[in-house]
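Structural characterization, general
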Amino acid sequence: MERSAVFWIVRDTYVLIVRSLRHIFKNLDQLMALVIQPIMFMLLFRYVFGGAINTGSTTYVNYLVAGILIQMAAFGAMTTSLNVAADLQRGIIDRLKSLPIASSAVMTGHVVADLVRNVLSSIILIAISLLVGFSPTASIQDWLLITAILLLFTLAFSWLAAIIGLLARTVEAVQWISFVLVFPLTFASSAFVPTKGMPEVLRIFAENQPVTHVIEAMRSLMVGTPMNDHALLSAIWCIGITVICVPIASYLFRKHSTK
Amino acid sequence: MSDNDPIIARGLKKSFKNVDVLDGIDLRVERGTVLALLGPNGAGKTTTIRILSTLLPPDGGQALVNGFDVVREAKQVRRSIGLTGQYAAVDEYLTGRENLEMMGKLYHLSSNDSKRRAIQLLEEFDLSEAANRIAKTYSGGMRRRLDLALSLVATPPILFLDEPTTGLDPRSRLAIWDRIEKLVYDGTTILLTTQYLDEADKLADRIVVIDHGRVIAEGTSNELKSNVGNERLELVLPTEEEVRKTIEALRTEVLRQEDNRTITVAVDGSITHVKKILDLLQNSAIEVESFTLHKPTLDDVFLQLTGHEATAAETEEDKIK
Ligand SMILES: Nc1ncnc2c1ncn2[C@@H]1O[C@H](COP(=O)(O)OP(=O)(O)OP(=O)(O)O)[C@@H](O)[C@H]1O
Ligand SMILES: [Mg+2]
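Residues numbered from 1 in each chain as written. Chains lettered and ligands numbered in written order. Predicted model: local features only at pLDDT ≥ 70, side-chain atom pairs only at ≥ 80, totals over all residues. Heavy atoms only, no water.

**A few points about the pairing of strand β7 (residues 158-162) of chain B**
Residue and element names in this part refer to chain B. With 5 of 5 residues buried, β7 lies mostly within the body of the structure. The alternating pattern of β7 places I158, F160 and D162 on one face and L159 and L161 on the opposite face, and all of these are buried. In this fold, β7 hands off to helix α6 (residues 170-185), which returns the chain to strand β8 (residues 189-194); that crossover is right-handed. (Buried < 20%, exposed > 50% of the residue type's maximum accessible area, 1.4 Å probe, protein only. Helix = DSSP H or I, 4+ residues; strand = E, 2+ residues; numbered from the N terminus. Right-handed = clockwise from strand over helix to strand, strands pointing away.)

Okay, here's the thing in C-alpha cells:
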C-alpha cells in the first residue's frame with residue numbers, strides 16, 4: 001500500500017513519541033527527579049528565602065510559583081539533551097539513522113516526552129504550593145493561557161536542549177553544559193528575586209532575556225502582577241527559538257558523524 | 001562479478017583529523033554471498049561499514065549499495081539495508097518486544113505485522129522468556145541477540161554486521177552463525193566484520209583483510225590460509241637431546257623451535273600426515289611427551305601479510321581512544 005510521505009513522517013514521529021513516553025515511566029531515576037525536584041525547590045525557596053526577600057505587595061509564595069515553574073521547565077527540558085546524548089552514546093541514533101525515517105522524528109519524540117513530563121511536574125508543583133500558601137487569582141482562561149505559555153517555553157527549550165545533546169554527544173558533557181546554560185538564565189531573571197536590586201548590567205540582561213518575560217507573563221496571569229507586553233514577548237521569543245532550533249537540530253542529527 | 005553487485009566500494013577514503021583511517025578501500029560483494037572484512041583493532045572495519053550504511057560520508061571514492069550511491073541516494077540505500085553496529089544498540093528502557101515492534105513500525109510494517117514479526121524473532125533468537133523485561137536487565141549475549149534481531153525485522157536484502165559475535169559465549173555464537181547461514185540461504189547479501197579467522201572461515205564466501213585502512217589481501221578462506229601456510233603440529237619432547245634428534249629426523253619439515261623442549265612442524269592437517277610424522281619419530285626411538293595440532297589463526301595471516309602481530313600494533317591507538 002502506497003502512502004504519502006507526510007503520512008509516514010507523522011507515523012514515524014508518533015512511534016518515536018510513544019517510545020520516549022515509555023521512557024518516562026520505565027526510567028525510574030528520571031521519574032524520581034520529576035517528582036522530587038519540584039517539591040524540594042518549592043519548600044526550600046519558600047521557607048529559606050521567603051522571609052528575606054521583599055517582593056512588594058505580592059507574598060513571596062505567590063511571587064515564587066511562576067519562577068520555580070519555569071526554572072523546573074528549563075531544567076526539565078535538559079532531559080532532552082541527556083536522552084539525545086544517551087541515544088548517541090548507545091548507538092541508537094546510528095541505528096535509527098540507518099532507517100528511512102524523517103530526521104526530526106527521534107528528537108520530536110524526546111521533546112514531546114519533555115512536554116508531558118513538564119506538565120506532570122508542574123501539576124505536582126502547583127499542588128504543593130497550594131498547600132504552603134499559594135493563592136492564585138487566575139480564572140480558567142488564565143490557566144489555559146498559563147499552560148500554553150508553559151508548553152511554548154518547554155518546546156523552545158527542549159529543541160534547544162536537543163541541539164545541546166547532539167553537540168555534547170556524551171551524558172557527562174550534557175551535565176555541565178546544561179548547568180552552565182540554565183543556571184545563569186534562570187537565576188539572572190526575576191524567578192526568585194525582583195530584578196530591581198540587581199547591579200545595572202545584570203539588571204538590563206535579566207529584564208530583557210526570555211526567561212524573565214515568560215516568568216512575568218505567568219506571574220501576571222497567576223496573581224495579577226503587571227502584564228505589560230510580557231506575554232507577547234514571551235510568545236515571540238519561544239516561537240522564535242523553536243523555529244530556529246528545529247531545522248538546526250534536524251541538520252545536526254543527519255550530519256553528525258558519531259563515534 | 002558484475003555492475004549489479006549489491007555492494008560495491010571503489011577507492012573509499014576517510015580521514016579523521018588528518019589521520020588517514022581508510023586509504024582507498026575497494027570491495028565488491030556478489031548477491032547472496034557473504035564477505036568478511038577481517039582486520040585488527042583500528043584497521044577501519046567499522047568506518048567502512050558506517051560509510052556503506054550511510055552513517056558517515058566518505059572523503060573520497062564511491063560506494064554503491066543495491067545500486068544506489070550512499071551519499072546522493074542515501075534514502076534509497078537505507079530502504080535496502082539492515083545494520084547491526086559493533087555495540088549493541090538496543091533501547092534499554094524498552095522491553096525486547098517493544099524494541100522489535102518499534103523497529104517494525106519504523107520499517108513501515110503495519111502494527112499487526114510488527115507484532116507478529118516481533119514474536120517470531122523473539123522465538124528465533126531465544127528471547128521469548130525475556131520478551132517483556134526491559135533490555136537494561138539483559139545480559140551481554142541477550143542484548144547482542146536482540147540487536148541482531150532488530151536488524152532483521154524488515155528482512156532487508158542487504159545486511160551489515162559489525163563484529164556480530166564478539167563477546168558471545170560459544171552457544172550464542174553458534175546460534176548466530178546458524179541464523180546468518182539461514183539468511184544467506186534465503187538470498188541475503190551480507191557484509192560482516194570479524195577479528196576471528198574461524199568465523200570468517202565458517203561464514204564467508206570471500207574474505208578481505210584490511211590493515212591501516214588498506215586492503216592487504218583478498219580471497220576465499222582457503223586461498224588465504226594457503227598463503228599463510230598450513231596447520232602446524234607442535235611437539236613437546238622430554239629432553240633437549242630428543243629435540244636435537246627430532247630436528248635431525250624431520251629436517252625440512254621443522255618450522256621452528258619454540259623453546260628448548262618444543263618444536264613446530266608444518267603439516268597439511270590430514271591424519272595421514274600427522275601419523276607419518278609420529279611413526280617416523282617412533283621408529284627413530286624418539287619419545288614424544290605431547291603434541292597439539294594448530295590451525296592457522298588470524299595472527300598467522302597477519303604475521304604473514306604484514307610482518308607484525310595483529311594485536312601488538314594497536315595498543316597505542318587504543319590508548320588514544
Ligand atoms: N569519529 C572518529 N574520530 C576520530 N578518529 C576516529 C573516528 N572514528 C574512527 N576513528 C579512528 O579510525 C581508526 C579506525 O577505526 P574503526 O573503528 O574503523 O576500526 P575497526 O577496524 O572497526 O576497529 P575495532 O576492531 O577496534 O572495532 C581508529 O584508529 C579510530 O581511532
Ligand atoms: Mg570496529
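**Quick look at the packing of helix α1 (residues 5-26) of chain A against helix α5 (residues 105-131) of chain A**
Residues and elements named next belong to chain A. At a minimum axis distance of 7 Å, the contact between α1 and α5 shows a crossing angle of 45°. When the interaxial angle is binned, α1 and α5 end up oblique. The crossing of α1 and α5 is right-handed. Listed contacts from α5 to D12, T13, L16, I17, R19, S20, L21, I24 and F25 of α1 are A105, V106, T108, G109, H110, V112, A113, V116, R117 and L120. Grouping the constituent residues of the contact of α1 with α5 by class yields 11 nonpolar, 5 polar and 3 charged. (Axes fitted to C-alpha atoms, helices over the stretch in contact; angles between N-to-C directions. Parallel < 35°, antiparallel > 145°, perpendicular 65-115°, else oblique. Left-handed = near helix turned anticlockwise from the far one by under 90°. Contact = heavy atoms within 4.5 Å. Nonpolar A, V, L, I, M, F, W, Y, C, P; charged D, E, K, R; others polar.)

**Concerning the site of ligand 1**
In the region of ligand 1, 16 residues are neighbours, and G42, K45, T46, T47 and Q86 of chain B sit closest. Two or more chains meet at ligand 1, and those chains are chains A and B. Within the backbone of G42 of chain B, one N or O atom sits 2.8 Å away from an oxygen atom of ligand 1. Contact distances for ligand 1 include 2.8 Å between an oxygen atom and a side-chain N or O atom of Q86 of chain B. Compared with its free state, where it exposes 640 Å², ligand 1 has 85% of that area covered by protein. For the shell around ligand 1, the leading source of residues is helix α1 (residues 45-52) of chain B, giving 3 residues. Considering only residue class, the shell around ligand 1 consists of 4 nonpolar, 7 polar and 5 charged. (Near = heavy atom within 4 Å. Polar contact = N/O pair within 3.5 Å; in protein donor to acceptor, adjacent residues only side chain to side chain. Areas by Shrake-Rupley, 256 points an atom, 1.4 Å probe, with all protein chains shown as cover.)

**A word on the nonpolar core**
Residues M42, F153, M218 and M222 of chain A together with L100 and I190 of chain B are the most contacted members of the largest nonpolar core, which totals 113 residues. Among the elements that line this core, the one with the most residues is helix α3 (residues 60-89) of chain A, at 17 residues. Not counting residues within four places of it along the chain, the set of residues in contact with L100 of chain B comprises A118, L121, L122, L146, A149, L150 and V153 of chain B. Ranked by size, the runner-up nonpolar core spans 26 residues in total, among them L35, A43, V65 and L191 of chain B. (Core = buried A, V, L, I, M, F, W, Y, C linked by side-chain atoms within 4.5 Å.)

**A look at the packing of aromatic side chains**
Any two aromatic rings considered together are summarised by their centre-to-centre distance and by the angle between their planes. Residues and elements named next belong to chain A. All chains considered together, the criterion is met by 10 aromatic pairs over all chains. With centroids separated by 6.0 Å and ring planes inclined at 20°, the aromatic side chains of F41 and F45 adopt a geometry described as stacked. Of this pair, F41 and F45 are both found in helix α2 (residues 28-49), 4 residues apart, which corresponds to roughly one turn of the helix. Each of the two residues, F41 as well as F45, counts as buried. Geometrically, the ring pair formed by F179 and F183 is tilted, given 4.6 Å between the ring centres and 40° between the ring planes. (Phe/Tyr/Trp six-rings, centres within 6.5 Å; stacked < 30°, edge-to-face > 60°.)

**Things to note about the packing of α1 of chain A against helix α3 (residues 96-106) of chain B**
Running from N to C, α1 of chain A and α3 of chain B cross one another at 160°; their axes reach a closest spacing of 9 Å. It follows from the interaxial angle that α1 of chain A and α3 of chain B lie roughly antiparallel. When you trace α1 of chain A past α3 of chain B, the crossing you get is left-handed. Of the residues in α3 of chain B, those touching α1 of chain A at R11, D12, V15, L16, R19, R22 and K26 of chain A are E98, M102, K105 and L106 of chain B.

**A word on the domain arrangement of chain B**
Assigned domains within chain B: domain 1 (7-90 + 138-225) and domain 2 (230-295). The C-alpha-based centres of domain 1 of chain B and domain 2 of chain B are spaced at 40 Å. (Domains from an automatic or database assignment.)

**Digging into the confidence of the model for chain B**
All names here are of chain B. Per-residue pLDDT for chain B averages 85, and the proportion of residues at 70 or more is 90%. Segment residues 310-321 is flagged for pLDDT under 50; beyond a separation of four residues in sequence, or across chains, it makes 9 contacts in the model. On the interface metric, ipTM, the complex scores 0.84, and its pTM is 0.78. (pLDDT = per-residue confidence, 0-100.)

**Quick look at the interface of chain A and chain B**
Across the boundary between the two partners, chain A contributes 25 residues, which contact 33 residues of chain B. Run the count over chain A and chain B and you get 6 salt bridges. Here chain A is connected to chain B by 12 residue pairs in polar contact (both at pLDDT 80 or more). Counting only elements with at least two residues in the side of chain A that touches chain B, the list comes to α1 and α4 (92-97) of chain A. If you tally residues by element for the side of chain A that touches chain B, the top one is α1 of chain A, at 9 residues. Its residues assigned to classes, the side of chain A that touches chain B shows 8 nonpolar, 7 polar and 10 charged. (Salt bridge = Lys/Arg side-chain N within 4 Å of Asp/Glu carboxyl O.)

**Notes on the coordination of the magnesium ion (ligand 2)**
Residue and element names in this part refer to chain B. Looking at the magnesium ion (ligand 2), the protein donor atoms are T46 (OG1) and Q86 (OE1), and they sit 1.8 to 2.1 Å from it. Here the residue T46 occupies a position in helix α1, and Q86 occupies one in the loop between β6 (81-84) and α3, the gap between them amounting to 40 residues. Owing to a relative accessible area of 23%, T46 belongs among the partly exposed residues under this scheme. Among the residues examined, Q86 registers a relative accessible area of 24% and is labelled partly exposed. (Donors = N, O, S within 2.8 Å, 3.2 Å for Na, K, Ca; no water.)

**Remarks on α2 of chain A**
Residue and element names in this part refer to chain A. Along its 22 residues, α2 runs 31 Å from first to last C-alpha, staying within 8% of the 32 Å computed at 1.5 Å per residue. Taking the largest bend as the criterion, α2 deviates by roughly 30°, centred on I36, and proline P38 comes between one and four positions later. Here α2 has its buried residues at Q30, L34, P38, F41, M42 and F45. Buried residues along α2 sit in contact with α3, α5 and α7 (171-187). (Expected span 1.5 Å × (residues − 1). Bend = angle between axes of the 7 residues up to and from the residue.)

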